[in-house]
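Inside the fold
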Amino acid sequence: MEKALFGAGCFWGVEDFFRQVPGVADAVSGYAGGTTTAPTYKQVCAGDTNHAEVVEVTFDPARVSYETLVDLFFKMHNPTTRNRQGPDVGTQYRSVIFTHGPEHARVAAAVRDRVAASGKWKAPIVTQIEPAPPFWPAEEYHQRYFQKHGGHCHVSYAEVARS
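Cut-offs and rules
Residues numbered from 1 in each chain as written. Predicted model: local features only at pLDDT ≥ 70, side-chain atom pairs only at ≥ 80, totals over all residues. Heavy atoms only, no water. Helix = DSSP H or I, 4+ residues; strand = E, 2+ residues; numbered from the N terminus. Rg over C-alpha atoms; globule rule 2.2 N^0.38 Å. Buried < 20%, exposed > 50% of the residue type's maximum accessible area, 1.4 Å probe, protein only. Contact = heavy atoms within 4.5 Å. Areas by Shrake-Rupley, 256 points an atom, 1.4 Å probe, with all protein chains shown as cover. Salt bridge = Lys/Arg side-chain N within 4 Å of Asp/Glu carboxyl O. Axes fitted to C-alpha atoms, helices over the stretch in contact; angles between N-to-C directions. Parallel < 35°, antiparallel > 145°, perpendicular 65-115°, else oblique. Left-handed = near helix turned anticlockwise from the far one by under 90°. Nonpolar A, V, L, I, M, F, W, Y, C, P; charged D, E, K, R; others polar. Pairing = 2+ DSSP bridges. Core = buried A, V, L, I, M, F, W, Y, C linked by side-chain atoms within 4.5 Å.

This next bit is on the overall build of the protein chain. Of the regular secondary structure elements, the protein chain holds 6 helices and 8 strands. Helices (α) and strands (β) of the protein chain occur, in sequence order from the N terminus, as β-α-β-α-β-α-β-β-β-α-β-β-α-α. Compactness check: the protein chain gives a C-alpha radius of gyration of 14 Å against a globular reference of 15 Å for 163 residues, within 12% of the reference. For the protein chain, the spread of C-alpha atoms along the three principal axes comes to 40 × 30 × 30 Å. When the 163 residues of the protein chain are sorted by exposure, 44% land in the buried category. The long-range fraction of contacts in the protein chain, counting pairs at least 24 apart against all pairs at least 6 apart in sequence, stands at 77%. Carbon and sulfur atoms make up 53% of the accessible area of the protein chain, which amounts to about 7,800 Å² in all.

Here you go:
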C-alpha cells in the first residue's frame, strides 16, 4: 500500500470522492502543511495554523496508480482558484498535493503540466506541490461525513469516470 495526500477544498467531499475509487483502501480527512502540532478544526478554520484541509489516501498501486489518483484530483476540483473552492475561502482550502518522495513529486508535476497544457482551464493552475509534512487526522465527526449525514460538495467519482 502507498499513501497520497491531497487538498482540494472541504475535506468531506475530497474524502468521499476518493473512497469511491477502485483500488483505494482508505481515505482519512485531516490537516497538513501548517505550523501547529495536532491542530483542531476550530484552529484550522480560524486561519492561524496555515494547515490545509487534506485527505490521506491509502491505495494499492497494483490496482490504481498514483498518476491516476493525481489525474482524478485535477478533475474533481477547480485547480485555478487560490485558497478557495466554491463558497469555502481561506488558505485551509488551497489546492495542494503533498508528495511522498521524488517519484510522486515528478508524477504530480507532470500531470499538473499536462492539465495546464490541455486548455481545459482558462486561468493558470495554482495547485501547490510540496513534500508531505506530518498528517494530522481530523476529529472523528469529520470522518466519512457524507456517509453519516448525506450530501456532497464535489463532483462524484462516477461523474468523473464517465468523462
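Right, let's get into the pattern of salt bridges. Applying the stated rule across the entire model yields 9 salt bridges. Across the pair E56 and K3 runs a salt bridge, and its minimum N-O distance is 3.7 Å. Separated by 53 residues along the polypeptide, E56 in strand β3 (residues 52-59) and K3 in strand β1 (residues 2-8) bring together distant segments of the chain. We classify E56 as buried; its relative accessible area is 16%.

Quick look at the packing of helix α3 (residues 66-76) against helix α4 (residues 102-117) now. Following both chains from N to C, one finds α3 and α4 inclined at 40°, their axes separated by 9 Å at the closest point. By the angle between their directions, the pair α3 and α4 is classed as oblique. In this structure, α3 crosses over α4, and the sense of that crossing is right-handed. Residue-level contacts link Y66, E67, V70, D71 and F74 of α3 to H104, V107, A108, V111, R112, R114 and V115 of α4. The residue makeup of the contact of α3 with α4, split by class, is 7 nonpolar, 1 polar and 4 charged.

The next subject is the pairing of β3. The element β3 is extensively covered by neighbouring structure, given that 8 of its 8 residues are classed as buried. Both faces of β3 are covered, namely the face carrying A52, V54, E56 and T58 and the face carrying E53, V55, V57 and F59. As paired elements, β1 and β3 share 5 bridges and run antiparallel to each other. Its bridge partner lying in β3, F6 is registered against V55. In this sheet, β3 lies alongside strand β2 (residues 24-32) in antiparallel orientation, the contact comprising 8 bridges. If you follow D26 over to β3, its bridge partner there is T58.

Judged by nonpolar contacts, the single largest core of 31 residues is most densely connected at F6, F18, V57, Y66 and L69. At the level of elements, β1, α1 (11-19), β2, β3, α3 and α4 are the ones that each hand at least two residues to this core. For this core, the element with the highest residue contribution is α3, accounting for 7 residues. When sequence neighbours within four positions are dropped, the list of residues in contact with Y66 reads A4, F6, F59, I97, T99, H104, V107 and A108. Listed in part, the 8 residues of the second largest apolar core include L5, V28, A52 and F135.

This next bit is on the sheet that holds β2. Judged by pairing direction, the sheet is mixed, and its 6 strands sit side by side in the order β7-β6-β1-β3-β2-β8 without closing on themselves. The open sheet has two edge strands, β7 (128-131) and β8 (135-137), and neither has a second partner. Across the sheet, the axes of successive neighbouring strands diverge by a mean angle of 35°, strand direction being ignored. Relative to the sheet, α1 contacts β1, β2 and β3, its axis offset from that of β2 by approximately 165°.

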